[in-house]
Amino acid sequence: AQSVTQLDSQVPVFEEAPVELRCNYSSSVSVYLFWYVQYPNQGLQLLLKYLSGSTLVKGINGFEAEFNKSQTSFHLRKPSVHISDTAEYFCAVTPGGGADGLTFGKGTHLIIQP
Amino acid sequence: DAGVIQSPRHEVTEMGQEVTLRCKPISGHNSLFWYRQTMMRGLELLIYFNNNVPIDDSGMPEDRFSAKMPNASFSTLKIQPSEPRDSAVYFCASSPRRGGGYTFGSGTRLTVV
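Summarised in this report is the structure supplied together with it. Keep in mind the model is a prediction, meaning the values are calculated, not measured.

Calculation criteria
Residues numbered from 1 in each chain as written. Chains lettered and ligands numbered in written order. Predicted model: local features only at pLDDT ≥ 70, side-chain atom pairs only at ≥ 80, totals over all residues. Heavy atoms only, no water. Pairing = 2+ DSSP bridges. Helix = DSSP H or I, 4+ residues; strand = E, 2+ residues; numbered from the N terminus. Axes fitted to C-alpha atoms, helices over the stretch in contact; angles between N-to-C directions. Core = buried A, V, L, I, M, F, W, Y, C linked by side-chain atoms within 4.5 Å. Buried < 20%, exposed > 50% of the residue type's maximum accessible area, 1.4 Å probe, protein only. Contact = heavy atoms within 4.5 Å. Salt bridge = Lys/Arg side-chain N within 4 Å of Asp/Glu carboxyl O. Polar contact = N/O pair within 3.5 Å; in protein donor to acceptor, adjacent residues only side chain to side chain. 1 Å grid on protein atoms, 1.4 Å probe; cavity = no way out; pocket = protein on both sides within 12 Å on 5 of 7 lines; lining within 4 Å. Points joined across faces, edges and corners; volume = space filled by probe spheres on them. Nonpolar A, V, L, I, M, F, W, Y, C, P; charged D, E, K, R; others polar.

**Looking at the sheet that holds strand β7 (residues 65–71) of chain B**
Residues and elements named next belong to chain B. Strand order in this open sheet of 4 strands is β1-β3-β8-β7, and the pairing throughout is antiparallel. Among the strands making up the open sheet, the edge pair consists of β1 (5–7) and β7. Neighbour-to-neighbour, the strand axes of this sheet turn through a mean angle of 15°, independent of strand direction. Note that strand β3 (residues 19–24) and strand β8 (residues 74–79) share 5 bridges and pair antiparallel.

**Considerations on the nonpolar core**
Trp35(A), Leu48(A), Leu76(A) and Tyr89(A) are the most contacted members of the largest nonpolar core, which totals 28 residues. Broken down by secondary-structure element, the contributors of at least two residues to this core are β2 (10–14), β3 (19–21), β5 (31–38), β6 (44–50), β8 (64–68), β9 (73–78), β10 (87–95) and β12 (108–113) of chain A. With residues near it in sequence (within four places) discarded, Leu76(A) still touches Val19(A), Glu20(A), Leu21(A), Trp35(A), Leu47(A), Leu48(A), Phe63(A), Glu64(A), Ala65(A) and Tyr89(A). Judged by nonpolar contacts, the second largest core, of 21 residues, contains Trp34(B), Phe49(B), Ile79(B) and Cys92(B).

**What to know about the interface of chain B and chain A**
The interface is formed by 25 residues belonging to chain B together with 20 residues belonging to chain A. At the surface where chain B touches chain A, the tally comes to 0 salt bridges. Viewed at the interface, chain A and chain B are joined by 8 residue pairs in polar contact (both at pLDDT 80 or more). For the side of chain B that touches chain A, the elements supplying multiple residues, two or more each, are β4 (31–38), β5 (42–50) and β9 (88–95) of chain B. Top contributing element to the side of chain B that touches chain A by residue count: β5(B), with 5 residues.

**Regarding the pattern of salt bridges**
Scanning the model with the defined rule gives 14 salt bridges over all chains in all. Measuring nitrogen to oxygen at the nearest pair gives 3.3 Å for the salt bridge that ties Arg36(B) to Glu44(B). Relative accessible area serves as the criterion here: at 9%, Arg36(B) is assigned to the buried category. Of the residues examined, Glu44(B) reaches a relative accessible area of 15% and is grouped as buried. Glu83(B) serves as the salt-bridge partner of Arg85(B), at 2.6 Å between the closest nitrogen and oxygen. By relative accessible area, Glu83(B) is classed as partly exposed at 23%. Connected via shared salt-bridge partners are Glu20(A), Lys58(A), Glu64(A), Glu66(A) and Arg77(A).

**Describing the layout of surface pockets**
Taken as a whole, the largest pocket holds about 740 Å³ of empty space. For the largest pocket, the lining is made up of 29 residues, of which Gln38(A), Glu88(A), Phe90(A), Gln37(B) and Met39(B) are closest to its centre. Counting only elements with at least two residues in the lining of the largest pocket, the list comes to β10 of chain A together with β4, β9 and β11 (108–112) of chain B. Residues that form the lining of the largest pocket fall into these classes: 10 nonpolar, 15 polar and 4 charged.

As structure tokens, then:
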């Protein structure tokens with residue numbers, strides 16, 4: 001079984017500042033990793049995913065994440081945030097192959113302050 | 001591509017009534033997943049299908065919940081009878097058989113009063 005820990009339930013950041021949202025996972029097998037964003041009253045939109053290859057993954061809206069196998073982490077970063085980035089961010093994991101369901105973390109609420 | 005389509009978007013029902021949520025996956029996707037989102041428990045996987053066959057329903061909370069996928073383009077999640085604690089947002093997602101391309105629908109917000 002897999003599990004995901006998002007260490008911060010809420011992260012306040014000033015506009016144009018950098019941000020890092022932390023994600024750690026636990027699994028006995030190789031995994032695929034994902035970050036999703038959820039805007040208020042909307043569904044989940046894929047930001048980026050790591051399946052294999054380069055450990056630095058670039059996604060939409062200027063976000064990127066780095067897979068660190070030794071630290072079992074997949075932290076999400078953005079060098080400069082905007083008001084429009086205010087949302088809930090979810091890290092998720094599934095066994096490598098992608099045929100099974102996703103296990104999600106509890107989410108991190110990113111709050112952008114003007 | 002219209003994406004994953006869920007209906008209805010909102011459902012308000014009285015306790016004890018039957019509720020049916022519907023999902024149309026992306027054409028060509030072999031796997032379909034039902035999730036439930038609540039403030040207390042976050043996003044939980046309820047059940048998933050591969051090639052229309054239920055693979056893992058261990059997340060279904062009670063026998064009151066059932067799901068079917070009669071063909072590759074349609075799935076239902078039924079709650080009978082419904083209870084107030086079933087109030088949540090229910091998401092459907094689909095994915096190709098391999099490769100991790102999970103796409104979520106917009107969800108159904110269920111309120112049981």
